[in-house]
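Read off the chains here:
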Amino acid sequence: MDKKRILIVDDEPSFTRMVKLYLEKTNDYEVTEENDGAKSIATARACRPDLILLDVIMPGCDGGDVVAQLRNDGDLKKVPVIFLTATMSQEGMKARGGAIAGFPVVVKPVDAKKLIKQIEKSLS
Amino acid sequence: MANNDESNNGKKLRVLLIEDSPTCAALARAQLAEAGKDAFEVTVADCLAKGLEQLSAGGVEVVLLDLTLPDCWGLDTFLRVHQHAPHVPVVVMSGMDDQELALRTVHEGAQDYLVKGRDDGSLMVRAIQYGVERQRLRQELAREQNLLRTLLDSVPDRIYFKDRQSRFLLISRAMARLFHLDSPEQAQGKTDFDFFTEEHARQAFADEQRILQSGEPVLDKVEKETFAGGRSLWALTSKLPLRTQDGEIVGTFGVSKDITSLKLLEEELAQERTFLRAVIDAIPDQIYVKDIGGRFTDANRATARSLDVASADELVGRCDFDFFPADVAAGFAAEERAVLDGILPALHRESAIAFKDGQTRWIATTKVPLRDSQGRIIGLVGINNDVTERKRAEDQLHDLNFDLARSQNELLGVLDDLKKSHADLKAAQMQLIEAEKLESVGRIAAGVAHEVKNPLAILLMGIDYLESEPSAADPGVAMILKDMRDAVHRGDAIVRGLLDFSAVRKLDLEPTDLNAIIDKSLLLVRHELVKANLTAVRHFADGLPPVMIDSIKMQQVFVNLFMNAVHAMKQEGTLTVTTRVRTVTDVAHNPGERDADRLRAGELMVEAQVDDTGHGVAADKITKVFDPFFTTKPTGSGTGLGLTVVKKIIELHGGQIQLMNRPEGGVRVVVALRAGSGRVGDSPIGGSGID
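Residues numbered from 1 in each chain as written. Chains lettered and ligands numbered in written order. Predicted model: local features only at pLDDT ≥ 70, side-chain atom pairs only at ≥ 80, totals over all residues. Heavy atoms only, no water.

J.: So what exactly am I meant to see when it comes to the overall build of chain A here?
T.: Scanning chain A from terminus to terminus reveals 5 helices and 5 strands. Secondary structure elements of chain A, listed N to C terminal, follow the sequence β-α-β-α-β-α-β-α-β-α. Per-residue burial for chain A yields a buried fraction of 49% across its 124 residues. Surface accessibility of chain A: about 5,900 Å² in total, with carbon and sulfur atoms responsible for 48%. (Helix = DSSP H or I, 4+ residues; strand = E, 2+ residues; numbered from the N terminus. Buried < 20%, exposed > 50% of the residue type's maximum accessible area, 1.4 Å probe, protein only. Areas by Shrake-Rupley, 256 points an atom, 1.4 Å probe, with all protein chains shown as cover.)

J.: Could you clarify how one ought to interpret the overall build of chain B in this entry?
T.: Assigned secondary structure in chain B consists of 16 helices and 24 strands. In chain B, which comprises 691 residues, the share counted as buried stands at 40%. Within chain B, contacts between residues separated by at least 24 positions form 60% of all contacts whose residues are at least 6 apart in sequence. (Contact = heavy atoms within 4.5 Å.)

J.: Can you walk me through the interface of chain A and chain B in this structure?
T.: When the parts of a complex come together, some accessible area is lost, and that lost area is often taken as the interface size. Listed per partner, the contact involves 25 residues of chain A and 23 residues of chain B. Summed over the shared surface of chain A and chain B, the number is 2 salt bridges. For Lys25 of chain A, the salt bridge identified is with Glu469 of chain B, shortest N-O distance 2.0 Å. The tally of links between chain A and chain B comes to 7 residue pairs in polar contact (both at pLDDT 80 or more). Listing elements by their share of the side of chain A that touches chain B, those giving two or more residues are α1 (13-25), α4 (90-96) and α5 (112-123) of chain A. Considering every element that reaches the side of chain A that touches chain B, the biggest residue donor is α1 of chain A, with 7 residues. Each residue belonging to the side of chain A that touches chain B can be placed in one class, and the counts come to 13 nonpolar, 3 polar and 9 charged. (Salt bridge = Lys/Arg side-chain N within 4 Å of Asp/Glu carboxyl O. Polar contact = N/O pair within 3.5 Å; in protein donor to acceptor, adjacent residues only side chain to side chain. Nonpolar A, V, L, I, M, F, W, Y, C, P; charged D, E, K, R; others polar.)

J.: Looking at this structure, how should I read empty space enclosed by the protein?
T.: Any empty space left between the atoms is revealed when a probe the size of a water molecule rolls over them. All names here are of chain B. If you walk through the whole model with that rule in mind, you get 4 cavities of 30 Å³ or more. By volume, the largest cavity is sized at about 160 Å³. Lining the largest cavity are 19 residues, with Gln286, Tyr288, Phe324, Phe332 and Asn384 sitting closest to its centre. Contributions of two or more residues to the lining of the largest cavity are made by β13 (286-291), α10 (301-306), α11 (326-340), β15 (346-354) and β16 (360-371). Residue composition of the lining of the largest cavity, grouped by class: 8 nonpolar, 5 polar and 6 charged. One number sums up the size of the second largest cavity: a volume of about 90 Å³. (1 Å grid on protein atoms, 1.4 Å probe; cavity = no way out; pocket = protein on both sides within 12 Å on 5 of 7 lines; lining within 4 Å. Points joined across faces, edges and corners; volume = space filled by probe spheres on them.)

J.: What should I look at first to understand the pairing of strand β14 (residues 296-299) of chain B in this one?
T.: Along any regular strand, the residues point their side chains to alternate faces of the sheet. As judged from the 3 bridges shared by β13 of chain B and β14 of chain B, these two strands associate in the antiparallel manner. If you follow Val289 of chain B over to β14 of chain B, its bridge partner there is Asp298 of chain B. (Pairing = 2+ DSSP bridges.)

J.: How should I be thinking about the sheet that holds strand β22 (residues 604-611) of chain B in this particular structure?
T.: Pairing between the strands of a sheet is mediated by backbone hydrogen bonds and can be parallel or antiparallel. Residues and elements named next belong to chain B. Strand order across the open sheet formed by 5 strands is β19-β21-β22-β24-β23, with mixed pairing between neighbours. For this open sheet the edge positions go to β19 (535-539) and β23 (656-661), each flanked by a neighbour on one side alone. Pairs of neighbouring strands in the sheet enclose a mean axial angle of 15°, with direction left out of account. The pairing of β19 with strand β21 (residues 574-583) spans 5 bridges and is classified as parallel. (Axes fitted to C-alpha atoms, helices over the stretch in contact; angles between N-to-C directions.)

J.: Quick question: what am I supposed to make of the side chain of Arg485 of chain B here?
T.: Tracing the chain through its elements places Arg485 of chain B in helix α13 (residues 475-503). Only 2.4 Å separates the side chain of Arg485 of chain B from the side chain of Glu467 of chain B, close enough to count as a polar contact. If sequence neighbours within four positions are ignored, Arg485 of chain B has contacts with Asp111 of chain A together with Leu460, Ile463, Asp464 and Glu467 of chain B.

J.: For this particular structure, what's the right way to read the packing of aromatic side chains?
T.: Both the distance between ring centres and the angle between the ring planes are used here to describe each pair of aromatic rings. Residues and elements named next belong to chain B. Applying the stated rule across the entire model yields 13 aromatic pairs over all chains. A centroid spacing of 5.8 Å and a plane angle of 85° characterise the contact between Phe179 and Phe196, whose relative ring orientation is edge-to-face. Taken as a pair, Phe179 in the loop between α7 (173-178) and α8 (198-214) and Phe196 in the loop between α7 and α8 lie far apart in primary sequence, 17 residues in all. Classification of Phe196 by relative accessible area gives buried; the value is 5%. Judged by centre distance (6.0 Å) and plane angle (40°), the ring pair of Phe558 and Phe562 falls under tilted. Taken together, the positions of Phe558 and Phe562, both in helix α15 (residues 551-569) and 4 residues apart, correspond to about one turn of that helix. Phe562 carries the same exposure label as Phe558, and that label is buried. Each member of the aromatic cluster is reached from another via a ring pair, and the members are Tyr160, Phe168, Phe179, Phe195, Phe196 and Phe227. (Phe/Tyr/Trp six-rings, centres within 6.5 Å; stacked < 30°, edge-to-face > 60°.)

J.: Sorry, what's going on with the packing of helix α2 (residues 22-35) of chain B against helix α6 (residues 122-154) of chain B here?
T.: The description of two packed helices rests on the angle between their axes and on the distance between the axes. All names here are of chain B. The geometry of α2 relative to α6 is characterised by a closest axis approach of 8 Å and an angle of 80° between their N-to-C directions. Considering the angle they form, α2 stands roughly perpendicular to α6. On α6, the residues that touch Ala28, Gln31, Leu32 and Ala35 of α2 are Ser122, Met124, Val125 and Ile128. Classifying every residue of the contact of α2 with α6 by side-chain character gives 6 nonpolar, 2 polar and no charged. (Parallel < 35°, antiparallel > 145°, perpendicular 65-115°, else oblique.)

J.: Explain the environment of Arg164 of chain B here, please?
T.: Along the chain, Arg164 of chain B falls in the loop between β8 (158-163) and β9 (168-171). Filtering out sequence-adjacent residues up to four positions away, Arg164 of chain B remains in contact with Gln209, Leu212, Ile249, Val250 and Gly251 of chain B.

J.: Honestly, helix α3 (residues 48-57) of chain B in this entry has me stumped. Any pointers?
T.: Given 3.6 residues to a turn, an α-helix orients residues that are three or four positions apart in the same direction. Residue and element names in this part refer to chain B. Among the residues of α3, those classed as buried are Leu48, Gly51, Leu52 and Leu55. Along the axis of α3, the buried residues cluster in a sector spanning 95°; they form a single face. In α3, the exposed positions that point more than 90 degrees away from the buried face belong to Glu53, Ser56 and Ala57. Where α3 is buried, its residues meet β1 (13-18), β2 (40-45), β3 (62-66), β4 (68-69), β5 (72-73) and α4 (75-84). Once α3 ends, the next one or two residues include Gly58, with phi positive near 95°. (Arc of directions from axis to C-beta.)

Structure (structure tokens):
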């Protein structure tokens, strides 16, 4: 089975490294890290991910903006996105709507197993 | 006269014969004895000196005197005798038939002049007798003149005699003094015009002319006399016609008494009386005098007015029975009898009196006995004062005082209310401050969450990674990793709680069946209940009215409450949930409650009651259960935010939540929500959302 390529966009390098280590240890995933939201589209074009893990709040650029650009990108617009958030409650998500609405959300801190479950669900 | 009486009584007239010739003396004695029928007792002196001696000795009533004596001669002899005893009548006997001498002696005061030898004695006796009588009359006249003189000189009244032309003939010394004359004689020939003003003099003159014409006196006329100098006085004057013995009117005489001081006194008295009367009449009190029979003898105007008569004169002779109902008048009469008997004076006694017109008025009465100059009670003086208005005012005052006292009580009540309101406001302020704190906590929580959760995410991911390593098979490593994972979850739970708390701002209200929400919440905790071996009992009311609530948040509320119950009971126990409808009756409001949140009597409430059989809450802690970060759970088991969030959600719904210990043990929580129309909850702590 081919490894799934996953792009994780988060301004927290320790977190992206930890996720990469864990996911790649399963041998099912190949993970690309991007810690600068503004560069995420470029990185995505380069690595052609099967799924993007996207932090909501990042300095200078938030997940909502990124997802909007992804959806305008012909090559990337069908890539599934899972939002990662540290602050957002379920209600906050619902209320926010717009760009984030409709995407699965994983609230940090998240169990690795729960994360994989969500990834598998999004990829299927 | 006395002499005459004595002679009539047979007493002899004592005659001193002064005669140096014994022959003549003997002759005279004989003649007197014969002609005088022994009426004389004769003593003889043969010279002047002896004669005078005899006179000095006294008792001589008449002197028979020879002018030619050894020690004196002629007219001198008479003069010396007359001078020596002027009141003793002297009959001169002389050998000299000297007409001139005779006239001179008689002129000087001798009673008669007899020539010796021409008389048989009868002439001599007659001369003696006449002389004595004449002397007596003269003395009498002198005495009367003296009386008149004394009277005129000493009476203080003015006495005067005038002729037909009103010229003064004689005036008293007092009158002379009044006229500023040195002696009364100076007034002779003068008239009133010389002393008084013309006006007065003319008036007096007219009066006197009238008297002269009519013969009618003017008696006790009070007149004002004004003197030429302007001085005036009041006189009580009587003027009468002055008649001769024949009755012919030859002038007038009069007596005037100066009554100026009396008159002034009288005027003063009259003035005082007028003043007093004016005062008595002007005084609003009724003043009256009654005789011992209870009949009015005098009264002032106020009395007349009160008894409805035109003037006080109409009251005289009438009594209370003429003006008051019989029983009232009888009461007065009895009272007055007591006053008249001297038993008791009525002093300012106030009583309600029924008048004949049907009115009842309050009268203050004072009645005292009236006494005459001898101190005998001859009636009474009464003073009535209508005090109806004052009584009325007193009553009003009394009422006002009463009202005032009541108002004061009301004010005190209001003050209490205000104090309470103040306390409430203070509590509300505290609550607001508290809310502000919570809001701050929420903001901080939201801000912090991001910064805290990211490290937690790193840790958790790290723990997951390590657990997948072979070294994790070591029991010690496994235990450490598990503890670390628990620690991360605990930190996460706290941050999530803070986020929940800060996220409660807006409600998504829909009419909802509260029973259904409770059922869903029970489902969510079913696993915990089973694990702790607890029984859930539901007492749901049928047909609950819907409540306007945010289902998810309300679910959060009940899950929280149920989890608290589960933690309180640990093992074995019963969770009982009861729902019911209640109508608000008492509206005691909670401190800090907003007006809009305040329940009103008659409002329909849906209540849910959650009872557990756990350990309850310590009495000193029960007031703090809704405070943030307050927890009774062991460290690590609770965030201390559960009930804080619960309370906030309920309050956002305009509902109420109460937590108490059940008497039989365990905790009871009652959530009350308005039935029907809920309230769209705008957050009491406001603030912009943190999304």
